[in-house]
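For reference, the chains in residue letters:
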Amino acid sequence: MRVSVFGLGYVGCVSAACLASLGHEVIGVDVNQVKVDLVNDGRAPVVEERIGELTAEVVRTGALRATHDVREAVMGSEVSLICVGTPSEPNGSLCTTYLERVTEQIGAALAEGAEQGGRHTVVFRSTMLPGTCLNLLLPILEKYVGGTAGVELGVAVNPEFLREGTSVRDFFDPPKTVIGELDPASGDTVAALYDGLPGEVFRVPVPTAEAIKYADNAFHGLKIGFANELGAVCQALGVDSHQVMDVFLADRKLNISPAYLRPGFAFGGSCLPKDLRSLVHAARRADVSVPILAHVLPSNSDHLQRAVDLVERTGRRRVGLFGLSFKPGTDDLRESPLVELAERLFGKGYDLKIHDANVSLSRLMGANREYIETRLPHLAQLLADSVEEVLEHAEVCLVGTRDPAVLAALPHGDGPVIVDLVRLPDAEARRAEPGYVGLAW
């Protein structure tokens, strides 16, 4: 099929390259010319396992190219996949500005007769609250096109379930494929995009598809918060939280699955915090009380504060932080708990050095760069080029990554205090050392 993918961030870039590798002819679209140029040069605009090699291959074969011209992309495709961001507004509500803008642009292109020889199908892959498609975006399309969605125009919602760091693997081996179809023909078109991939396919009403992503992400956030709170209580009582969770997770009949149920550091990223905020905001607007969901983010923030408290208790001022992106294997800093941790420590006057092998200020772009410039504008002076530079500086080392280079360099015994945020592979042995502190174990 001929597919246009709008938005070349993490979801769009991976979706475009993977669809191209399945044999589709893909045009990526982004307002950021740097991203467009990178893709056309065979380079991925994001750091992600396998995406660099895959992008280079599909660009080389001609299966993928990029443009900033919406009309050109719509004219050259029969399906438009929308993967633009839906960030949080200051009050926690969902920002649909980018969704509305690209929907208007696609509608205008279709109205000009850009797509010839068949019905065009617009597929929303961005995360959005139930009702957004039918009540907000569908009327925009119909206004511009002048036709009826589900008749002259196909519309569907196709949420993604890609984990940053393993998103290429997740695309080719999905836990499920969800298609919110306005009509059967729209659903057939989306299903054809993923023909041959494993996993169960769920064809559901559009609002159901919108809600499924929130159900997943709210539960993921809840599981992480539960494990971290339990870990903190176990630590206070002198109990090894990971031994407790080993027994808990052995019950696969009642306790669902082990995903996320390991005490660790706070969660973050571009999905869980944003989706929890918007879901709670929507519940409040509807006068629905959601005390558990409403307290997941405060619990997460309290867990992050535990790391700050551990540093303060050492009485030392020179701090090293290993890891900055919200998840290993990516350069995504948006709502990273490690960025928040660095911000809090810097604000308290700590002398801070940071090292993350995947994070280079010169390579950050788009929403990623905008976020870090807002939250941690002094990042350039805080970043260290090597693990050794941080170790030479630090009296306290916060370890927020399992990067092999960091693990190999961390000292035992005499040296800086090690504050472990990830439960290091040798945590059990280190617990006997006076300079080691586990966050929740």
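Note that the structure is a prediction, hence the values are computed from the model and not measured. Every residue gets a number counted from 1 within its own chain, in the order that chain's sequence is written. Since the coordinates come from a predicted model, pLDDT governs what is reported: local features require at least 70, and pairs of side-chain atoms require 80 or more to be given and counted, while whole-chain, interface and lining totals use all residues. Processing note: side-chain calculations cover all non-hydrogen atoms of the structure and skip hydrogens and water entirely.

Caption draft 1: Helix α1 (residues 10–21), seen in detail. A rise of 1.5 Å per residue sets the reference length of α1, with its 12 residues, at 16 Å; its end C-alpha atoms lie 17 Å apart and thus fit the reference within 8%. Burial classification: accessible surface area is computed with a 1.4 Å probe over protein chains only, and a residue below 20% of its type maximum counts as buried, one above 50% as exposed, and the rest as partly exposed. Comment: elements are numbered from the N terminus, with helices defined as DSSP H or I runs of at least four residues and strands as E runs of at least two. Among all positions of α1, only Tyr-10, Gly-12, Cys-13, Val-14, Ser-15, Ala-16, Ala-17, Cys-18, Leu-19 and Ala-20 are buried. Gly-23 sits one or two positions beyond α1 and adopts a positive phi of about 110 degrees. To estimate how far a helix should reach, multiply one less than its number of residues by 1.5 Å.

Caption draft 2: Here's a closer look at the pattern of salt bridges. Here a salt bridge means any side-chain nitrogen of Lys or Arg lying within 4 Å of a carboxyl oxygen belonging to Asp or Glu. Going through the model one piece at a time under the given rule, you end up with 30 salt bridges. Across the pair Glu-78 and Arg-2 runs a salt bridge, and its minimum N-O distance is 3.7 Å. One end of the pair, Glu-78, is in the loop between α4 (70–75) and β4 (79–82); the other, Arg-2, is in strand β1 (residues 2–6), with 76 residues separating them in the sequence. Close ionic contact of Arg-334 with Asp-332 constitutes a salt bridge, the shortest N to O distance being 2.9 Å. With a relative accessible area of 23%, Arg-334 lands in the partly exposed category. Of the residues examined, Asp-332 reaches a relative accessible area of 0% and is grouped as buried. Connected through shared salt-bridge partners, Asp-240, Arg-423, Glu-428 and Arg-431 make up one network.

Caption draft 3: Geometry of the layout of surface pockets. Put simply, the second largest pocket is a space of about 300 Å³. Within the residue set of the lining of the second largest pocket, elements represented by two or more residues are α11 (272–285), α13 (296–314), α14 (337–347) and α15 (366–375). For the lining of the second largest pocket, the leading source of residues is α13, giving 5 residues. By the convention adopted, Pro, Cys, Tyr, Trp, Phe, Met, Ile, Leu, Val and Ala count as nonpolar, Lys, Arg, Asp and Glu as charged, and the other residues, Gly among them, as polar. Taken together, the residues of the lining of the second largest pocket sort by class into 8 nonpolar, 4 polar and 5 charged. Only protein atoms enter the calculation, which uses a 1 Å grid: trapped sets of points that fit a 1.4 Å probe without letting it out are cavities, open sets showing protein on both sides within 12 Å along at least five of seven lines are pockets, and any residue with an atom within 4 Å of a point is a lining residue. Grid points are joined across faces, edges and corners, and a volume is the space filled by probe spheres set on the points.

Caption draft 4: View of empty space enclosed by the protein. The final tally for this structure, using the stated rule, is 4 cavities of 30 Å³ or more. Computed from the structure, the largest cavity encloses a volume of approximately 130 Å³. Around the largest cavity sit 15 residues that line it, and Arg-125, Phe-161, Pro-174, Lys-176 and Thr-177 are the ones nearest its centre. Only α7 (167–172) and β7 (176–181) provide two or more residues apiece to the lining of the largest cavity. Per-element tally for the lining of the largest cavity: the top contributor is β7, with 3 residues. Here the residues of the lining of the largest cavity are counted per class, giving 9 nonpolar, 2 polar and 4 charged. Here the second largest cavity is characterised by a volume of approximately 50 Å³. Lining the second largest cavity are Pro-411, His-412, Gly-413, Asp-414, Gly-415, Pro-416, Ile-418, Arg-430, Glu-433, Gly-435 and Tyr-436. For the lining of the second largest cavity, a count of residues per class yields 4 nonpolar, 4 polar and 3 charged.

Caption draft 5: Here's a closer look at helix α2 (residues 33–40). Restricting attention to buried positions, one finds in α2 the residues Lys-35, Val-36, Leu-38 and Val-39. Viewed end-on, α2 has its buried residues packed into an arc of 165 degrees, placing them on one side of the element. On its buried face, α2 is in contact with α3 (51–60) and β3 (64–67). By the criterion applied in these results, polar contacts are pairs of N or O atoms within 3.5 Å in which, for protein atoms, one can donate a hydrogen and the other can accept it, and in which residues neighboring in sequence qualify only through two side-chain atoms. The distance from a side-chain oxygen at the start of α2 to the backbone nitrogen of Val-34 is 2.9 Å, and the residue carrying that oxygen is Asn-32. Taken from the residues just after α2, Gly-42 is the one with a positive phi, measuring 80 degrees. Note that the arc is defined by the directions from the helix axis to the C-beta atoms. The contact rule is simple, with two residues in contact once any of their heavy atoms fall within 4.5 Å.

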